[in-house]
Amino acid sequence: MASKPIEKDKYAVIGNPISHSKSPQIHTEFAKQTNQNMSYEAILAPLDGFEAKVRELIKQGYKGANVTVPFKFEAYKICDSLSARAITSGSGAVNTLININGKIHGDNTDGVGLRNDIEQNLAFSIAKKHILILGAGGAAHGILNSLLDASSITIANRTHSKALQLVMAIKDYEAKASTFESLEKPYDLVINATSTGLTDTALPIPKSIFAKNCLAYEMMYGRETPFMAQARAAGAQVSDGLGMLVEQAAEAFFIWRGVRPETAPVIAMLRNVN
């Protein structure tokens, strides 16, 4: 009598919209690479039905899920427990959920994903650098705690009060707040955490912010944004956020499965697809 096949552990990414997500492709590659018996799919949740969808997935036996726009803040609120980095990020957002006996544990892998991409894939050391973060929203909140060994951090935003609010959220680190128009001095690493790439809007930033040998990092991926064009024109090394996407996924995969996949071949595969 033939033995019954072992049922796959189920995982998903939840968002709205979600059809564009590369996460199923990424996690399928990770699973193949590490011989994990699992499935991973993209799930569309109604804008007013995120929690109900998560509860439904738990009942169906899903082991975990990634969370994308616009549900990261709501995901934080429904968690029964949180990782230390989800708490200390101060973002009020999580992007990784783990089903622990029906209870929801939340984590945020965005910061470590950014850091791993910059240091491992782009070979750029963050420690002791002067860093400028453009934007003070959820994306900036999610990465800030991974950069606190820098020599200095400046957070610039259209409204100074919002940048100041984010500066005040960091404990034991003196960051500076600025508006875009007030920026002058050069920085070693400039990270665009605004959503201007979606609207093809150029930021009101001077060329002087890009130091010699500066890395300009666009957190969005899949297209040349005005920020990337501005940085190239100023002579900066430029990268989009595709590597961050894969690296944050690898961290979530490690949390779920206890094995760390190789990211370089997956990044290369996605670059070739584009």
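Everything below is about the structure shown above.
About the thresholds
- Residues numbered from 1 in each chain as written.
- Predicted model: local features only at pLDDT ≥ 70, side-chain atom pairs only at ≥ 80, totals over all residues.
- Heavy atoms only, no water.
- Helix = DSSP H or I, 4+ residues; strand = E, 2+ residues; numbered from the N terminus.
- Expected span 1.5 Å × (residues − 1).
- Buried < 20%, exposed > 50% of the residue type's maximum accessible area, 1.4 Å probe, protein only.
- Arc of directions from axis to C-beta.
- Contact = heavy atoms within 4.5 Å.
- Pairing = 2+ DSSP bridges.
- Axes fitted to C-alpha atoms, helices over the stretch in contact; angles between N-to-C directions.
- Phe/Tyr/Trp six-rings, centres within 6.5 Å; stacked < 30°, edge-to-face > 60°.
- Right-handed = clockwise from strand over helix to strand, strands pointing away.

**Q** Help me out: how do you make sense of helix α1 (residues 23–34) in this one?
**A** Within an α-helix, residues lying three or four positions from one another point in the same direction, as the helix has 3.6 residues per turn. Its 12 residues place the ends of α1 16 Å apart at the C-alpha level, agreeing with the 16 Å of an ideal helix rising 1.5 Å per residue. When we look at burial in α1, the residues that qualify are Ser23, Pro24, Ile26, His27, Phe30, Ala31 and Thr34. On an axial view of α1, the arc spanned by its buried residues comes to 160°, and they lie on one face. In the core, the buried residues of α1 are packed alongside β1 (9–15), β2 (38–44), β3 (64–67), α10 (242–257) and α11 (264–273). A positive backbone phi angle near 55° is found at Asn35, which sits one or two residues after α1.

**Q** When you look at the sheet that holds strand β11 (residues 210–218) in this model, what are you seeing that I'm missing?
**A** Strands in a sheet are paired, the pairing made by backbone hydrogen bonds, and the direction either parallel or antiparallel. Pairing within the open sheet is parallel, and its 6 strands lie in the order β9-β8-β7-β10-β11-β12. For this open sheet the edge positions go to β9 (176–179) and β12 (237–239), each flanked by a neighbour on one side alone. Across this sheet, the average inter-strand angle for adjacent strands is 20°, counted without regard to direction. Packed onto the sheet, helix α9 (residues 226–233) meets β7 (130–134), β10 (187–192), β11 and β12 and runs at close to 165° relative to β11.

**Q** Just checking my understanding: could you explain helix α7 (residues 160–169) for this structure?
**A** Taken together, the buried positions of α7 are Ala163, Leu166 and Val167. The arc enclosing the buried residues of α7, seen along the axis, measures out at 105°, which places them on a common side. Pointing more than 90 degrees away from the buried face of α7 are the exposed residues Ser161, Gln165 and Met168. Packing partners of the buried residues in α7 comprise α6 (138–144), β8 (152–157) and β9.

**Q** Please clarify how the sheet that holds strand β4 (residues 81–82) should be interpreted in this entry.
**A** Strand order in this open sheet of 6 strands is β2-β1-β3-β5-β6-β4, and the pairing throughout is mixed. With one partner strand each, in any of the chains shown, β2 and β4 form the two edges of the open sheet. Here β1 pairs with β2 via 7 bridges, running parallel. Looking at the pairing, Asp9 lines up with Met38 of β2. Against the sheet, α1 makes contact with β1, β2 and β3, and its axis sits at roughly 175° relative to β2, the strand it touches most. Relative to strand β5 (residues 96–100), α10 is tilted by about 5°, and along the sheet it contacts β1, β2, β3, β5 and β6 (103–107).

**Q** Teacher, can you tell me more about the packing of aromatic side chains here?
**A** The geometry of an aromatic ring pair is captured by two quantities: the separation of the ring centres and the angle between the planes. Tallied over the entire structure, the rule returns 5 aromatic pairs. Pairing Tyr40 with Trp256 gives two aromatic rings, centres 6.3 Å apart and planes at 45°, and the pair type is tilted. Linking Tyr40 in strand β2 with Trp256 in helix α10, this pair joins segments that are 216 residues apart in sequence. Accessibility expressed as a relative area gives 9% for Tyr40, which makes it buried. A relative accessible area of 11% places Trp256 in the buried class. Ring geometry for Phe210 and Phe227: centres 6.2 Å apart, planes at 45°, overall tilted.

**Q** Please explain the pairing of β9 as it appears in this structure.
**A** Regular strands show a simple pattern: their side chains alternate between the two faces of the sheet. The pairing of β8 with β9 spans 4 bridges and is classified as parallel. The residue bridging Asn157 from the neighbouring strand is Thr179, located in β9. Each parallel crossover has a hand, and the one from β8 via α7 to β9 is right-handed.

**Q** Would you take a moment to explain the side chain of Ser152 for this structure?
**A** Relative to the elements of secondary structure, Ser152 occurs in strand β8. With a relative accessible area of 9%, Ser152 lands in the buried category. Not counting the four nearest positions on each side in its chain, Ser152 is found in contact with Lys129, His130, Ile131, Tyr173 and Lys185.

**Q** Just to check I follow, could you spell out unusual backbone geometry for this structure?
**A** Most peptide bonds take the trans form, and the phi angle of most residues other than glycine is negative. Asn16 connects to Pro17 through a cis peptide bond whose omega is 5°. In this fold, Pro17 is placed in the loop between β1 and α1. Omega for the peptide link from Val69 to Pro70 comes to 5°, which places this bond in the cis form. Counting through the fold element by element, Pro70 comes out in the loop between β3 and α3 (72–78). Positive phi outside glycine occurs at Lys128, with the angle close to 70°.

So yeah, pure geometry; function would need other evidence.
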